[in-house]
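What the coordinates show
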Amino acid sequence: MHEERCDVAVVGLGAMGAATLYQLARAGADVVGIDRFAPPHDQGSSHGDTRITRLAVGEGAAYIPLVRRSHAIWRELEAQSGEALFEQCGVLVMTSSEAPGRHHGADDFTAQTIELARRYGIDHEVLKASEIRARFAQFGPIRDDATGYFEPEGGFVRPERCIAAQLDAARQHGATVVTGVTVSSIESAGGGVRVKTADRTFVANKVVTCAGMWSAGLLGEPFSALLKVCRQKLFWFRLEAPSIFAEVSPTFILSDGPSETDICYGFPPIPGENSMKIASEQYTGLDSIDSLDRTVSQAEVAQMYRDHVLGNFAGVTPELVKASVCTYTVTPDYGFIIDDHPALANVTVVSACSGHGFKHSAGIGEAVAQRCLTGRSDVDLSAFSLNRFR
Ligand SMILES: Cc1cc2nc3c(=O)[nH]c(=O)nc-3n(C[C@H](O)[C@H](O)[C@H](O)COP(=O)(O)OP(=O)(O)OC[C@H]3O[C@@H](n4cnc5c(N)ncnc54)[C@H](O)[C@@H]3O)c2cc1C
């Protein structure tokens, strides 16, 4: 079979792959990106209109340089593409619970967020319940002992638009984008790497895999033992009219109990849509990704409203506008994996980033492209190495 050659092949063109392809092409590499669907799409982990971004990343200090670079790259892409990608409406991280809330591996997520903001000089305010209510009436029902962290530079990004903008920019820089084609195997080929699909074979000097929830199936051990795919549900509930939401409302993360599933997060109404998007988190792994149920049941809608909307929010009706299913691909410590494949030379693996990766994706793409082309990156990626699981 004829072999198509390139410097670097990127497998998977969702959040991480589109960013990596763009940065490689921008740096002048001869690059091919391959995806089983036609990104942006709604089959993986990067759909649903919005993703929260925040500079004080309560998951740990190692993430802060990545999100800072991402914010800068999205602004550059906005200027190039004319698309609105990043809405800086602020983010409010809150605890409204008897005990501190655990989130993404941090024992007291709100306190850790505040601590990191102080340490890294990130502009913020610490708010009492009365101050949160006075500023944002939608949080009226929170507990009197609730605490909040408000970061004006946070907000949300538009995942589908970010992916499309980076793929367009990658094409403009000469990248080849192959869609609707599934990679079936990745194997060493002399000094390079052979990437096979049903009827094409690519030979690259280097390969970056960004296969999201499909990573374990494509890469085998140790990834199949480390990555757990968890079904997540997104809900858009209609707002009461007239709305009590302030014209500029923040995105939010609210711990309303001590366990890692006692959490909800959400977004202000998008102009023209009189609804609030809200979600909670689940960490039960699927037996197989083929068993993923992509529909949201009436019982799940009612449970979400009862468990997280009532008691935390005012001005939100139980009427569902729309719902969607998405997946987290989670490592044992909720951190990222960005490292060489231990058994396949010249293959870099970028994990689906455990349900908190989008805000970092543009910066990850830049760092992975640098690592691929020069052997080092401006942002230190050592916190995301596989070694920590050995
Ligand atoms: C409900 C939900 C809410 C989230 N909220 C936030 C948030 O508020 N803030 C935040 O920062 N992060 C958030 N995240 C996390 C973030 O969205 C993910 O970390 C990120 O989008 C994952 O991107 P990815 O590129 O790894 O995966 P994907 O975007 O799913 O991309 C993987 C791609 O690989 C392709 N692919 C897979 N296998 C193959 C193959 N064999 N051959 C060819 N192509 C292949 C797929 O088609 C797909 O396009 C959330 C995630 C979910 C699910």
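Residues numbered from 1 in each chain as written. Predicted model: local features only at pLDDT ≥ 70, side-chain atom pairs only at ≥ 80, totals over all residues. Heavy atoms only, no water.

**Points about the overall build of the chain**
Counting its secondary structure elements, the chain contains 9 helices and 19 strands. With the principal axes as the frame, the chain shows a C-alpha extent of 65 × 45 × 45 Å. Long-range pairs, those at least 24 residues apart, make up 75% of the contacts in the chain with a sequence separation of at least 6. Of the roughly 15,200 Å² of accessible surface on the chain, 48% is carried by carbon and sulfur atoms. Within the chain, the 47 negative side-chain charges are centred at a point lying 2 Å from the centre of the 35 positive side-chain charges. (Helix = DSSP H or I, 4+ residues; strand = E, 2+ residues; numbered from the N terminus. Contact = heavy atoms within 4.5 Å. Areas by Shrake-Rupley, 256 points an atom, 1.4 Å probe, with all protein chains shown as cover. Lys, Arg positive; Asp, Glu negative; His and termini not counted. Charge placed at Lys NZ, Arg CZ, Asp CG, Glu CD.)

**Some words on the UniProt feature "domain: FAD dependent oxidoreductase" (unreviewed entry) in the chain**
Taken from the UniProt record, the annotation "domain: FAD dependent oxidoreductase" (unreviewed entry) applies to residues 7-371. Each end of residues 7-371 is marked by a C-alpha atom, and these two atoms are 14 Å apart; helix forms 26% of the span and strand 29%. (UniProt positions renumbered as here; feature names shortened; annotations may be inferred.)

**Focus: the site of the ligand**
Around the ligand, the structure places 35 residues, and the nearest of them are D35, H41, S46, I52 and A352. One nitrogen or oxygen atom from the side chain of S46 is found 2.4 Å from an oxygen atom belonging to the ligand. Here the ligand has 1,000 Å² of accessible area as a free molecule, and 98% of this is covered by the chains. For the shell around the ligand, the secondary-structure elements that each account for two or more residues are α1 (15-26), β2 (31-35), β3 (51-53), β13 (228-239) and β17 (316-330). Looking at the shell around the ligand element by element, the count peaks at 3 residues for β17. Across the shell around the ligand, the residue classes break down as 17 nonpolar, 14 polar and 4 charged. (Near = heavy atom within 4 Å. Polar contact = N/O pair within 3.5 Å; in protein donor to acceptor, adjacent residues only side chain to side chain. Nonpolar A, V, L, I, M, F, W, Y, C, P; charged D, E, K, R; others polar.)

**Side note on the sheet that holds strand β16 (residues 275-279)**
If you trace the 8 strands from one edge of the open sheet to the other, you get β6-β7-β5-β14-β15-β16-β13-β17, paired in mixed fashion. Unpaired on one side and paired on the other, β6 (125-128) and β17 mark the two borders of the sheet. For this sheet, the mean inter-axis angle between neighbouring strands, taken without regard to orientation, is 20 degrees. Across 4 bridges, the pairing between strand β14 (residues 251-255) and strand β15 (residues 263-266) is antiparallel. In the sheet register, S255 faces β15, and the bridge partner there is I263. Of the strands in this sheet, β13, β15, β16 and β17 touch helix α8 (residues 298-309), which is tilted by about 80 degrees from β13. (Pairing = 2+ DSSP bridges. Axes fitted to C-alpha atoms, helices over the stretch in contact; angles between N-to-C directions.)

**Observations concerning the nonpolar core**
W74 and I364 are the most contacted members of the largest nonpolar core, which totals 73 residues. Top element by residues in this core is α1. It accounts for 7 residues. Taken domain by domain, this core gets at least three of its residues from each of domain 1 (3-47 + 159-226 + 333-389) and domain 2 (91-152 + 228-330). W74 has contacts with L85, F86, V157, C162, F358, K359, S361 and A362, leaving out every residue within four places of it along the chain. Residues I132, F136, V301 and V309 belong to the second largest nonpolar core, which totals 25 residues. (Core = buried A, V, L, I, M, F, W, Y, C linked by side-chain atoms within 4.5 Å. Buried < 20%, exposed > 50% of the residue type's maximum accessible area, 1.4 Å probe, protein only. Domains from an automatic or database assignment.)

**Section: unusual backbone geometry**
Residue P39 is joined to P40 through a cis peptide bond whose omega torsion reads 0 degrees. As for its position among the elements, P40 is in the loop between β2 and β3. Looking along the chain, the bond that leaves E221 and enters P222 is cis, with omega of 0 degrees. One can find P222 in the loop between α6 (215-219) and α7 (223-226). With phi around 65 degrees, N346 is a residue other than glycine that occupies positive phi space. Mapped onto the elements of the fold, N346 is located in the loop between β18 (338-340) and β19 (347-350).

**With respect to the environment of F139**
Summarising the element assignment, F139 is placed in the loop between α4 (129-135) and β7 (147-151). In this view, F139 contacts L92, M94, I132, R133, P250, F252, N312 and F313; residues no more than four positions away in its chain are not counted.

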